[in-house]
Structures are given as C-alpha cells and as structure tokens.
Amino acid sequence: MTTAPPTVSRAPAATHHEPAREPIDVLAALADGTRDVAWIIPGAAQLELGGAPVQAPDGADPLEVVPLDERGNDVRVGVRLDHARFALWTQRARLLAIVLRDQRVAERPGGGFTPISVEPIEARVRATALVRRIAHQKTWTKIRYSGALEINGWVPDDALGDRTRAGKQPLGRIPTGRTTLAVFPGAVIRSEPQWGSRELAVMATGYFIDEVTPVDDAWSEVAYEDGDVAVHGYLSRRDPPGRVHRPREADPIVPAQTNATAPGGTCLYASENGEAIGFVVGDSPVALEPTHPGWFSLVLDTPWGPIAFAARGATENELATCAPTSP
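Computed from a predicted model, the values in this text were never measured in an experiment. (Residues numbered from 1 in each chain as written. Predicted model: local features only at pLDDT ≥ 70, side-chain atom pairs only at ≥ 80, totals over all residues. Heavy atoms only, no water.)

A. Structural context of the environment of phenylalanine 309. If you trace the backbone, phenylalanine 309 turns up in strand 27 (residues 307-312). Judged by its relative accessible area of 2%, phenylalanine 309 falls in the buried class. Apart from the residues lying within four places of it in its own chain, the contact partners of phenylalanine 309 are Leu47, Phe86, Leu268, Tyr269, Ile277, Phe296, Ser297, Leu298 and Leu300. (Helix = DSSP H or I, 4+ residues; strand = E, 2+ residues; numbered from the N terminus. Buried < 20%, exposed > 50% of the residue type's maximum accessible area, 1.4 Å probe, protein only. Contact = heavy atoms within 4.5 Å.)

Next comes the structure, spelled out in structure tokens:
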C-alpha cells in the first residue's frame, strides 16, 4: 500500500528506531508485553499487503502499537486490544514521532534567539511526548505537539524517534502554587509582551495557566507545565485568539452485530489460506458466518470499525487456535 502538588513520575525514556532486519514471529510478538511500542493515527490500513483496505474514521485518537516490519512507505504494526491482538499494514506517515529527550522548540531550523530571563522564555517538549512531523530541512524537523497546548516549531532530527517502552501515562497540568489564570482556547503565549512577537504556544484544550508576574493591565508573564511540555512566556488578555489545528470530531463507529462467542486463543487469519496474524483474547462476542468449507468470516470491533478476519475450523464450535487463552 503506497497510496495532532501530586507526585509526578517520570515517563519511560524513548529509544531510537532500529529497522527490522529479520522475519518477525507475529504471534509471539503480539503475546510479548516487553517489546517497544510506537504510536499511530489510525487511518487507511490492510491486513495484508495487496488485500482489502480497512479505514478508520478521520479524527481517531492515537493508538499504541507494536512495530513489526516495514516495506518502503508502509509499516506493519501489532494492535493490542482487550479482546484481540492482530497485525496490519499502514502508511509510515501515520507514525507519530516520539521525543527522545527534553528539547527546546526553536522558531527556525538551527535554533533561534532566546530572551535572557531568570527562567528561559521558551517552549519545551519532554521526553516521550508524541508529535507530528510537519516538515524537514537539513538536520532539523518541524513538529506539532497537540495537547492542552499546541506547540509548533523546529527540533533537531536526533531529538526524535519512533519507538519507546510501553506504559506511557498521561500526566496532567502540574500545580506550582502560583496564581492561576483562567483562559480560553486560542489564547497565545508569546516570547515578548507585545503583539506580533513570536508565538510559543496556543492554548488548545487547556483552560488554566500560571501567572508568574503581571506586566501591565494587558500582559502577564505566564508559565505552563505538564508531563509532555513546559512553556514560559507572555500572555495578553487583549490578544486576538490564535489558530489551533483541531482534528475534526471522529464519526461514531457502528459496532458489529454479534451472533457468536469466539473462545480465547481463536486464530485470526488475514484471508482464507493466508497468514495467521492474530488471536482472540478471552471469550469474545463476534459476528461469525461460514464462507467456504473449513472457513468462516469472523468480525471483531476495532479502532478501524468492525474488521472481518478469516477463521478456520470444521464447525463454528471447533475454531482453530494459535495462542494461549490468557496471553
């Protein structure tokens, strides 16, 4: 297929991407909870290259997956749901970048001027934050972080990877004891207390920010920090709202009309007589229909909507298994 004060724990460190160099045992990888993970924006995908396409709705939330293989512009990933695990192919462009270390976001490739202050006036992304790659120039990548704030800017290529250890937990705004300002989405944090100065960040889904000190009746020096980002700059109560790149709200997924229960361990095939690419976890409701002698269509709900896998068995009560019932 080539067609966006509580105790605070540190997130697990990200690791650099290492391309797959030998065939992967897909079923073993899906059952292995110690493997590094990646994050994708679900969209167009296939269970097997050249097979029927599946399509997630626009606006789908980022999904943690297990990197398995890659070919050209396509990557193969393992999807681990509560009721099933399976592999599919999707576009490499759907991989989110993972920040490898705490990194200042620059206004241009190569960096830029940082005003002198007791605390630097800047926007930083923290290790393991998920960002989109927007552009590339020489050894720098333009990124977009989307969370409580939106941050756009440039970071060195070596500050980004595409794999990390499993277990990333969202960490909300970190209280500091400072005065809290209530703001609306679109409020702009700038590098100087004057309109037209560099935009460091824009409030997206967040509504609260710390006031470091008031500057005048319009401007305040402000700061914001959570598990993914830290921003220190200036905010005006009179500044017009800035632009935020919000994904459109995803269309609701209509669940499959189930008529059977597949036992845990039931093998999922990409197609009849094709490769075993996954298995059912626990006894799960499915839509099961016979297709050809010894084969069934088995439909499961997924972030892409209901997906029809192939299942093998003499009868619907004797489906082949290929994984432990409690992986």
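After that view of the structure, there is still more to cover.
B. Inspection of the pattern of salt bridges at higher detail. All chains considered together, the criterion is met by 14 salt bridges. Residue arginine 101 pairs with aspartate 158 through a salt bridge whose shortest N-O separation is 2.8 Å. Of the two residues, arginine 101 sits in the loop between strand 8 (97-99) and strand 9 (103-104) while aspartate 158 sits in the loop between strand 13 (149-156) and strand 14 (160-161), which places them 57 residues apart along the sequence. In this structure arginine 101 comes out as partly exposed when scored by relative accessible area, which is 33%. Aspartate 158 gets classed as partly exposed once you look at its relative accessible area, which sits at 46%. (Salt bridge = Lys/Arg side-chain N within 4 Å of Asp/Glu carboxyl O.)

C. Representation of a nonpolar patch on the surface in the model. Nonpolar side chains collect at one region of the surface, where Phe184, Tyr207 and Phe208 lie side by side and expose about 390 Å² of accessible area between them. Mapped onto the elements of the fold, phenylalanine 184 is located in the loop between strand 16 (179-182) and strand 17 (188-190). (Patch = residues over 30% accessible without salt bridge, like charges linked within 9 Å, V, L, I, M, F, W, Y side chains within 5 Å. Areas by Shrake-Rupley, 256 points an atom, 1.4 Å probe, with all protein chains shown as cover.)

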